[in-house]
Amino acid sequence: MNFKNTVFFSGMAVLLSFLILNGSSMTYQSSFASTTTTTTAAAEYEHKMKWGTKGVATGQFNQAGGIAADSENNIYVADFTGRSNMIQKFTNNGSFILGFGVLGNGPQFFTNPSGLAVDSDNNIYVADFGNPTYAIKKFSNDGMFIDSFGSFGLGNGEFINPGGLGVDNENNIYATDFGENNNVQKFDKNGNFIMKFGTYGSGDGAFLNPTDVEIDSLGNIFVVDSFNERVQKFDKNGNFIMKFGTSGTGNGEFNTPFELAIDSSDNIFVVDQGNNRVQVFNSDGGYITQFGNQGSAADILQDPIGIAIDSNSNVYVADGIDSDIHVFSQVK
């Protein structure tokens, strides 16, 4: 394993420890120019509130990670490290509703729940990073186990380290495989394998640890290519369209991007973990604005990992160090 100029953050370090155990091979590179420098009119975001604290009690998190919103603007948060109720459901103002999922190795249990996604029927999909034998688990919105799919391996429908999840308008499920497979796989809502794309590398359409995937209203697929410090855009068939981002601290530059979310206008919100901020782009990769790195000390992100957007355009960001949820709203 050869790491060059690698910076470990609390959320990423846990993930990488699993890769070391699995013997995955990675080379860190950061020499990619953005394919676009377009800047569009900025929409500003302000810190609205935050909720949740570090701990193992109801409403607390050991390490808040993946986060998703359903059609009723309820918020689901995955707790990456072991505890009871590893997925918790809240109202949009942080009031606890219910928790589900316990530590274990079976299809309905969790080892390290990471990515979350919600379909149009408000079913919840959870990627279990630490248990690829039962890689993706499906629950009802009241926490009842429905099914699991995906298994350990290098073939179709198989995973080494399942990570981020996305759902398209037809309730197809997309999952990234962080590590040796370095790809994105697509399944139907019943867990049947449809296709996959991507391979290890730094060229167009290749990945160095894809950590998240989301799909816009037109069916375009956006993938966070974390160790290549960029986001890549593909058509609905997995064909490469374009990329944006490069290593750095400036506008449109990344330091270990981790998750992304897409709003109703198809703007792309990228968690720039190492720069402790969220950056916003249009669907062509044009930089719009950033937030999370300004304001009072209590409002600043310290280790952002997960991100979700509700139907009112409120943005929810899970912070790994403080294990709380920051809520941002668009300035009218």
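Parameters and conventions
- Residues numbered from 1 in each chain as written.
- Predicted model: local features only at pLDDT ≥ 70, side-chain atom pairs only at ≥ 80, totals over all residues.
- Heavy atoms only, no water.
- Pairing = 2+ DSSP bridges.
- Helix = DSSP H or I, 4+ residues; strand = E, 2+ residues; numbered from the N terminus.
- Axes fitted to C-alpha atoms, helices over the stretch in contact; angles between N-to-C directions.
- Salt bridge = Lys/Arg side-chain N within 4 Å of Asp/Glu carboxyl O.
- Buried < 20%, exposed > 50% of the residue type's maximum accessible area, 1.4 Å probe, protein only.

A few words now on the pairing of strand 17 (residues 193-197). As judged from the 4 bridges shared by strand 16 (residues 183-187) and strand 17, these two strands associate in the antiparallel manner. The residue of strand 17 that forms the bridge with Phe187 is Phe193.

Our focus in this paragraph is the sheet that holds strand 17. Reading across the sheet, the 4 strands line up as 14-15-16-17 and stay open at both edges, with antiparallel pairing between neighbours. One side of each edge strand has no neighbouring strand; the edge strands of this open sheet are strand 14 (162-167) and strand 17. Direction aside, the axes of adjacent strands within the sheet are offset by 20 degrees on average. Where strand 15 (residues 173-177) lies against strand 16, 5 bridges are found, and the strand directions are antiparallel. Looking at the pairing, Ile173 lines up with Phe187 of strand 16.

Attention now moves to the pattern of salt bridges. Opposite charge on two side chains permits them to pair, given that their charged atoms come into close proximity. Using the criterion set out here, one finds 6 salt bridges in the structure. With a shortest N-O distance of 3.7 Å, Asp128 and Lys137 are connected by a salt bridge. Note on accessibility: Asp128 and Lys137 belong to one class, buried. Note that Arg277 and Asp272 form a salt bridge whose closest N and O atoms lie 2.8 Å from each other. Like Arg277, the residue Asp272 is buried in the burial classification.

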